[in-house]
Amino acid sequence: MDTEPTDLHELLRSLRVWDPAVTELPPLDPADAPGDPLDLFTRWFAEAVAAGQREPHTVSLATADAEGLPDARIVMLHGADEDGWSFATHAGSRKGRHLAARPYAALVFHWPVLGRQVRVRGPVTVAPAEEARTDLHARSAGALAAALTGRQSEDLGSLEELARASEAAWERAGREPDAPAPSWTLYRLLPDEVEFFQGDPHRRHVRLAYRRTEDTGRTTWRTGLLWP
(Lines give C-alpha, C1' and ligand atoms only; values in the text may rest on other atoms or scores of the structure.)
Protein backbone atom coordinates (compact mmCIF):
# COMPACT_ATOMS: atom_id res chain seq x y z
CA MET A 1 0.00 0.00 0.00
CA ASP A 2 1.43 3.37 -1.02
CA THR A 3 1.61 5.92 1.76
CA GLU A 4 2.83 9.48 1.87
CA PRO A 5 5.93 10.08 3.98
CA THR A 6 5.00 11.17 7.47
CA ASP A 7 8.34 10.85 9.27
CA LEU A 8 9.42 14.29 10.42
CA HIS A 9 13.13 13.69 9.81
CA GLU A 10 12.45 12.35 6.33
CA LEU A 11 10.45 15.44 5.52
CA LEU A 12 13.18 17.69 6.89
CA ARG A 13 15.86 15.98 4.80
CA SER A 14 13.74 16.50 1.69
CA LEU A 15 13.65 20.26 2.07
CA ARG A 16 16.10 22.77 0.64
CA VAL A 17 16.59 26.47 1.21
CA TRP A 18 17.04 29.20 -1.37
CA ASP A 19 15.65 27.38 -4.40
CA PRO A 20 17.02 29.37 -7.38
CA ALA A 21 13.61 29.10 -9.06
CA VAL A 22 11.99 31.27 -6.41
CA THR A 23 14.83 32.94 -4.50
CA GLU A 24 17.22 35.72 -5.41
CA LEU A 25 20.33 36.29 -3.30
CA PRO A 26 21.47 39.86 -4.00
CA PRO A 27 24.87 40.94 -2.71
CA LEU A 28 25.35 43.10 0.36
CA ASP A 29 28.39 45.37 0.17
CA PRO A 30 29.06 46.81 3.65
CA ALA A 31 30.97 49.68 2.04
CA ASP A 32 27.73 50.87 0.41
CA ALA A 33 25.61 50.60 3.58
CA PRO A 34 24.17 53.86 4.95
CA GLY A 35 25.23 55.17 8.32
CA ASP A 36 21.80 54.69 9.92
CA PRO A 37 20.25 51.22 10.10
CA LEU A 38 16.76 52.65 9.60
CA ASP A 39 17.76 53.77 6.10
CA LEU A 40 18.97 50.28 5.17
CA PHE A 41 15.89 48.68 6.76
CA THR A 42 13.61 50.95 4.72
CA ARG A 43 15.47 50.02 1.53
CA TRP A 44 15.37 46.29 2.29
CA PHE A 45 11.69 46.43 3.23
CA ALA A 46 10.83 48.11 -0.08
CA GLU A 47 12.89 45.50 -1.94
CA ALA A 48 11.10 42.68 -0.12
CA VAL A 49 7.74 44.14 -1.16
CA ALA A 50 8.91 44.56 -4.76
CA ALA A 51 10.21 40.97 -4.80
CA GLY A 52 6.77 39.63 -3.87
CA GLN A 53 7.58 38.60 -0.30
CA ARG A 54 4.29 37.71 1.37
CA GLU A 55 3.43 39.69 4.49
CA PRO A 56 6.85 41.32 4.83
CA HIS A 57 5.54 43.40 7.73
CA THR A 58 5.11 40.34 9.96
CA VAL A 59 7.90 39.95 12.50
CA SER A 60 8.87 37.56 15.30
CA LEU A 61 8.75 39.28 18.68
CA ALA A 62 10.76 37.72 21.53
CA THR A 63 10.17 38.68 25.16
CA ALA A 64 10.97 37.22 28.57
CA ASP A 65 8.81 36.86 31.66
CA ALA A 66 9.64 38.04 35.17
CA GLU A 67 11.74 34.90 35.74
CA GLY A 68 13.67 35.43 32.53
CA LEU A 69 12.01 32.59 30.59
CA PRO A 70 11.78 33.45 26.88
CA ASP A 71 8.76 33.42 24.60
CA ALA A 72 8.15 34.39 20.97
CA ARG A 73 5.29 35.01 18.57
CA ILE A 74 4.51 36.74 15.28
CA VAL A 75 3.19 40.31 15.30
CA MET A 76 2.88 43.07 12.73
CA LEU A 77 5.18 46.04 12.38
CA HIS A 78 3.20 49.25 12.79
CA GLY A 79 6.00 51.64 11.91
CA ALA A 80 9.68 52.46 12.26
CA ASP A 81 11.26 55.86 12.76
CA GLU A 82 13.74 57.65 15.00
CA ASP A 83 11.55 56.77 18.01
CA GLY A 84 11.87 53.05 17.33
CA TRP A 85 10.20 50.04 15.71
CA SER A 86 6.55 49.90 16.81
CA PHE A 87 4.06 47.09 17.37
CA ALA A 88 0.85 46.80 19.37
CA THR A 89 -0.97 44.39 21.68
CA HIS A 90 -3.19 44.36 24.73
CA ALA A 91 -1.39 45.43 27.90
CA GLY A 92 -2.82 42.40 29.72
CA SER A 93 -1.71 39.87 27.10
CA ARG A 94 1.21 37.56 27.81
CA LYS A 95 3.63 39.72 25.84
CA GLY A 96 2.19 42.85 27.45
CA ARG A 97 2.81 41.38 30.90
CA HIS A 98 6.31 40.35 29.87
CA LEU A 99 7.12 43.84 28.67
CA ALA A 100 5.78 45.35 31.89
CA ALA A 101 8.13 43.12 33.90
CA ARG A 102 11.10 43.25 31.53
CA PRO A 103 10.84 46.13 29.03
CA TYR A 104 13.39 44.74 26.58
CA ALA A 105 12.68 42.70 23.44
CA ALA A 106 14.00 41.43 20.13
CA LEU A 107 12.50 41.39 16.63
CA VAL A 108 13.37 39.16 13.67
CA PHE A 109 12.19 39.85 10.14
CA HIS A 110 12.58 36.95 7.70
CA TRP A 111 12.32 37.61 3.96
CA PRO A 112 13.26 34.25 2.36
CA VAL A 113 12.50 35.39 -1.19
CA LEU A 114 15.74 37.43 -0.93
CA GLY A 115 17.54 35.25 1.62
CA ARG A 116 17.44 38.06 4.17
CA GLN A 117 16.89 38.53 7.87
CA VAL A 118 16.89 41.67 10.00
CA ARG A 119 17.40 41.32 13.75
CA VAL A 120 16.59 44.19 16.11
CA ARG A 121 16.87 44.31 19.88
CA GLY A 122 16.63 46.99 22.53
CA PRO A 123 14.54 48.54 25.32
CA VAL A 124 10.80 48.92 24.84
CA THR A 125 8.64 51.87 25.89
CA VAL A 126 4.90 52.51 25.82
CA ALA A 127 3.67 55.17 23.41
CA PRO A 128 1.14 57.76 24.65
CA ALA A 129 -2.43 56.42 24.79
CA GLU A 130 -3.62 58.93 22.18
CA GLU A 131 -1.05 57.62 19.70
CA ALA A 132 -2.24 54.06 20.35
CA ARG A 133 -5.85 55.12 19.68
CA THR A 134 -4.89 56.94 16.48
CA ASP A 135 -2.87 53.95 15.28
CA LEU A 136 -5.70 51.49 15.99
CA HIS A 137 -8.40 53.57 14.30
CA ALA A 138 -6.23 54.05 11.23
CA ARG A 139 -6.24 50.29 10.71
CA SER A 140 -8.91 47.95 9.33
CA ALA A 141 -12.31 47.18 10.82
CA GLY A 142 -10.97 43.69 11.47
CA ALA A 143 -8.11 45.08 13.55
CA LEU A 144 -10.56 47.12 15.61
CA ALA A 145 -12.88 44.13 16.05
CA ALA A 146 -9.96 42.00 17.24
CA ALA A 147 -8.94 44.71 19.72
CA LEU A 148 -12.52 45.02 20.99
CA THR A 149 -12.79 41.25 21.43
CA GLY A 150 -10.00 41.54 23.99
CA ARG A 151 -9.06 38.97 26.67
CA GLN A 152 -5.94 38.07 24.69
CA SER A 153 -3.94 35.14 26.18
CA GLU A 154 -6.66 34.29 28.73
CA ASP A 155 -7.98 30.73 28.90
CA LEU A 156 -10.86 30.14 26.44
CA GLY A 157 -13.70 27.82 27.32
CA SER A 158 -14.86 27.01 23.78
CA LEU A 159 -14.76 28.19 20.18
CA GLU A 160 -18.45 29.05 20.49
CA GLU A 161 -17.61 31.53 23.25
CA LEU A 162 -15.01 33.13 20.99
CA ALA A 163 -17.48 33.29 18.10
CA ARG A 164 -20.05 35.13 20.22
CA ALA A 165 -17.53 37.66 21.51
CA SER A 166 -16.06 38.19 18.05
CA GLU A 167 -19.45 38.70 16.41
CA ALA A 168 -20.36 41.31 19.02
CA ALA A 169 -17.01 43.04 18.49
CA TRP A 170 -17.43 43.09 14.69
CA GLU A 171 -20.92 44.54 15.08
CA ARG A 172 -19.64 47.27 17.38
CA ALA A 173 -16.67 48.05 15.12
CA GLY A 174 -19.10 48.59 12.24
CA ARG A 175 -21.41 50.73 14.36
CA GLU A 176 -18.67 52.67 16.18
CA PRO A 177 -15.54 52.96 14.03
CA ASP A 178 -13.97 55.14 16.75
CA ALA A 179 -14.83 52.78 19.61
CA PRO A 180 -12.11 52.79 22.29
CA ALA A 181 -10.13 49.70 23.24
CA PRO A 182 -8.52 50.88 26.50
CA SER A 183 -6.08 47.99 26.90
CA TRP A 184 -4.76 48.25 23.34
CA THR A 185 -1.19 49.51 23.67
CA LEU A 186 1.38 50.74 21.17
CA TYR A 187 4.96 49.79 22.03
CA ARG A 188 8.22 51.11 20.63
CA LEU A 189 11.49 49.20 20.55
CA LEU A 190 14.44 51.59 20.37
CA PRO A 191 17.29 49.45 19.02
CA ASP A 192 20.62 49.05 20.72
CA GLU A 193 21.66 46.74 17.87
CA VAL A 194 20.37 46.00 14.36
CA GLU A 195 21.80 43.18 12.27
CA PHE A 196 21.30 42.67 8.53
CA PHE A 197 21.83 39.11 7.29
CA GLN A 198 22.24 38.46 3.58
CA GLY A 199 22.37 34.84 2.49
CA ASP A 200 25.02 33.66 0.04
CA PRO A 201 24.77 30.54 -2.18
CA HIS A 202 28.24 29.42 -1.05
CA ARG A 203 27.26 29.94 2.61
CA ARG A 204 29.51 32.98 2.87
CA HIS A 205 26.65 34.92 4.40
CA VAL A 206 27.16 38.62 5.07
CA ARG A 207 26.15 39.77 8.55
CA LEU A 208 26.36 43.52 9.04
CA ALA A 209 25.74 44.72 12.61
CA TYR A 210 24.94 48.27 13.70
CA ARG A 211 25.52 49.08 17.37
CA ARG A 212 24.18 52.26 18.97
CA THR A 213 26.60 54.62 20.67
CA GLU A 214 25.94 57.93 22.38
CA ASP A 215 28.29 60.81 21.67
CA THR A 216 27.63 64.00 23.68
CA GLY A 217 23.92 63.28 23.69
CA ARG A 218 23.79 62.44 19.99
CA THR A 219 23.10 58.94 18.70
CA THR A 220 25.68 57.47 16.35
CA TRP A 221 26.07 53.97 14.95
CA ARG A 222 29.15 51.78 14.88
CA THR A 223 29.13 49.08 12.22
CA GLY A 224 30.99 45.78 12.02
CA LEU A 225 30.84 42.36 10.41
CA LEU A 226 30.00 39.06 12.12
CA TRP A 227 31.11 35.57 11.19
CA PRO A 228 28.23 33.63 9.62
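For the structure, check the block above.
Residues numbered from 1 in each chain as written. Predicted model: local features only at pLDDT ≥ 70, side-chain atom pairs only at ≥ 80, totals over all residues. Heavy atoms only, no water.

## Overview of the overall build of the protein
Reasoning step 1: A tally of regular secondary structure across the protein gives 6 helices and 10 strands.
Reasoning step 2: Taken over the C-alpha atoms alone, the protein extends approximately 75 × 55 × 40 Å along its principal axes.
Reasoning step 3: Burial analysis of the protein (228 residues in total) assigns 34% to the buried set.
Reasoning step 4: Counting only contacts in the protein whose residues sit at least 6 apart along the sequence, the fraction spanning at least 24 positions is 62%. (Helix = DSSP H or I, 4+ residues; strand = E, 2+ residues; numbered from the N terminus. Buried < 20%, exposed > 50% of the residue type's maximum accessible area, 1.4 Å probe, protein only. Contact = heavy atoms within 4.5 Å.)

## Description of the pattern of salt bridges
Reasoning step 1: Going through the model one piece at a time under the given rule, you end up with 14 salt bridges.
Reasoning step 2: With a closest N to O distance of 2.7 Å, Arg 116 and Glu 47 form a salt bridge. Here Glu 47 lies in helix α2 (residues 37–50) and Arg 116 lies in strand β6 (residues 116–126), a separation of 69 residues in the sequence.
Reasoning step 3: A relative accessible area of 32% means that Glu 47 is categorised as partly exposed.
Reasoning step 4: Taking the shortest distance from any N to any O, the salt bridge between Arg 211 and Glu 193 comes out at 4.0 Å. Highlighted residues: Arg 211 in strand β9 (residues 206–215) and Glu 193 in strand β8 (residues 193–198), separated in sequence by 18 residues.
Reasoning step 5: Salt bridges sharing partners connect three or more residues here, namely Glu 171, Arg 172, Arg 175 and Glu 176. (Salt bridge = Lys/Arg side-chain N within 4 Å of Asp/Glu carboxyl O.)

## Regarding the environment of Asp 29
Reasoning step 1: Secondary-structure assignment places Asp 29 in the loop between α1 (8–14) and α2.
Reasoning step 2: Measuring from C-alpha to C-alpha, the distance between Asp 29 and His 98 comes to 37 Å, with 69 residues separating the pair along the chain.
Reasoning step 3: Engagement of the side chain of Asp 29 in a polar contact is seen with the backbone nitrogen of Ala 31, the distance being 3.0 Å. (Polar contact = N/O pair within 3.5 Å; in protein donor to acceptor, adjacent residues only side chain to side chain.)

## Overview of the nonpolar core
Reasoning step 1: Core analysis: the largest hydrophobic core is formed by 27 residues, its most contacted members being Phe 41, Trp 85, Leu 107, Phe 109, Val 118 and Phe 196.
Reasoning step 2: At the level of secondary structure, the elements contributing two or more residues to this core comprise α2, β1 (58–64), β4 (84–90), β5 (104–111), β6, β7 (184–189), β8 and β9.
Reasoning step 3: For this core, the element with the most residues is α2, which contributes 5 residues.
Reasoning step 4: Ignoring anything within four residues of it in the chain, the contact list for Leu 107 reads Val 59, Ser 60, Leu 61, Trp 85, Val 118, Arg 119, Val 120 and Leu 189.
Reasoning step 5: By size, the runner-up hydrophobic cluster in this structure holds 14 residues, among which are Leu 136, Ala 147, Ala 169 and Leu 186. (Core = buried A, V, L, I, M, F, W, Y, C linked by side-chain atoms within 4.5 Å.)

So, to be careful, I would describe these as geometric facts and stop short of saying anything about function.
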